Amino acid sequence: MNYGFIGAGNMAGAIIKGMTIGGGGFDGMDIYVYDLNAEASENLAAVCGVNKCASPADVVKNADVLVLAVKPNVMADAVSPIKDAVMEKAPLVISIAAGKTIEFLEGILSSSLPIVRVMPNINAKVGCATSAFCPNAVVTEDQKDVVKALFSTVGSITELPEKMFGIHGVIGGAAPAFAYLYIDALARAAVKAGMPKKQALELTAQTVLGSAKMVLESGEHPWALIDQVCSPGGTTIEGVCSLEANGFEAALCKAFDAVYEKDKKL
C-alpha cells in the first residue's frame, strides 16, 4: 500500500518520521510527498527515504491513502486542481486540517469517496500525540484499521463522533499548551526558591509525565490519587487548597470554554 502526503509541514513531517524512522514499520519507498516548499519534502526524502514528488498530481497518482496536510484556509484551493485525479484514483482520503468538517471535505471532493478526518496534536513530534478520527459513511472497517495503524506510529488514536471534535480540539489540540504553561510556571517557582531552571524543568516535566501515567494505568479517579498524596495536616494539602482558593480549576474551565467557543466560530 502506498501513502501520499500533500503538505510536508511540522505535523506531516512528524507523522512520516513516526511511520519510518520512529519504528512504525513503514517503508519510506511506499510514501510519496509534495510540498510547495521543496526543501521540506527534500529533507523528508533524505531523512526518511520517501519519494519527493514534483506536483500534487504525482502524489495522487501513486497514493492508495492520500493525506491532506495543508493549512485549513487553503484546503479548498489545494484540492481543486487535483479533484478529478483523486476521483479517478479513489484513494482513502485523510484530512488533518483543523476545523474542516466531513461535510466540507465531501463538498470539495465527493461523498462517494472514503474520507476520514483526523486531529492529531503537536506531541506527535515525540511520538506521543493524542489523535482522534471520524470517518464518513463509506469508510470500511479495514480502512479504519489503516488510519489507526498510521496514526498509532505517533501516539494514541481514538475514534470519536464528529460532534465531539470541538471538545477534542480543546483537550487534545490546545491543552498541550496549557500543560506546557503549567510545567513552566511550576519550574519558575522552583527557580524562585533556588533551583536551576534546567533541573526544575526536567523534574517538573517528569512529574507531569508520571502523574499522567498514574491516571491512565491505575484506574483510580484523580481525586482519589490526590487524597493519597495529601497527608492530614501535611504540606501537599496546603498547596491544593491554595490552588483551589486562587481559582485554578475555574481558570482551566474558562480556558476550555474560550478555546471551544473560538473553534465554533472558525
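To keep things clear, this report deals only with the structure shown in the data block. What you are looking at is a predicted structure, and each value in this text was computed from that prediction instead of being measured. (Residues numbered from 1 in each chain as written. Predicted model: local features only at pLDDT ≥ 70, side-chain atom pairs only at ≥ 80, totals over all residues. Heavy atoms only, no water.)

### A word on the pairing of strand β8 (residues 155–159)
Okay, so step 1: Here five bridges tie strand β7 (residues 129–135) to β8, and the two strands are oriented parallel to one another. Opposite serine 131, over in β8, you have isoleucine 157 as the bridge partner.
Okay, so step 2: As a crossover connection, the stretch from β7 through helix α7 (residues 141–151) into β8 is right-handed. (Pairing = 2+ DSSP bridges. Helix = DSSP H or I, 4+ residues; strand = E, 2+ residues; numbered from the N terminus. Right-handed = clockwise from strand over helix to strand, strands pointing away.)

### Quick notes on a nonpolar patch on the surface
Okay, so step 1: A contiguous nonpolar patch, built from Tyr182, Leu186, Leu243, Phe248 and Leu252 and spanning about 420 Å² of accessible area, is present on the exposed surface.
Okay, so step 2: Looking at the nonpolar patch, the elements with two or more residues in it are α8 (165–193) and α12 (248–265).
Okay, so step 3: As for its position among the elements, tyrosine 182 is in helix α8. (Patch = residues over 30% accessible without salt bridge, like charges linked within 9 Å, V, L, I, M, F, W, Y side chains within 5 Å. Areas by Shrake-Rupley, 256 points an atom, 1.4 Å probe, with all protein chains shown as cover. Salt bridge = Lys/Arg side-chain N within 4 Å of Asp/Glu carboxyl O.)

### Digging into the nonpolar core
Okay, so step 1: Among the nonpolar cores identified, the biggest contains 33 residues, and Tyr3, Phe5, Ile94, Val118, Leu150 and Phe151 are the most heavily contacted of them.
Okay, so step 2: In terms of residue count, the dominant contributor to this core is helix α1 (residues 10–19) (five residues).
Okay, so step 3: Counting residues in hydrophobic clusters, the runner-up holds 25 residues, among them Ile6, Ile102, Leu113 and Phe165. (Core = buried A, V, L, I, M, F, W, Y, C linked by side-chain atoms within 4.5 Å. Buried < 20%, exposed > 50% of the residue type's maximum accessible area, 1.4 Å probe, protein only.)

### Considerations on the environment of tyrosine 260
Okay, so step 1: Residue position: tyrosine 260 is located in helix α12.
Okay, so step 2: Overall, tyrosine 260 belongs to the partly exposed group, its relative accessible area being 21%.
Okay, so step 3: Remark: the alpha-carbon pair of tyrosine 260 and leucine 105, spanning 155 residues in sequence, is separated by 21 Å.
Okay, so step 4: Ignoring anything within four residues of it in the chain, the contact list for tyrosine 260 reads Gly166, Ile167 and Val170. (Contact = heavy atoms within 4.5 Å.)

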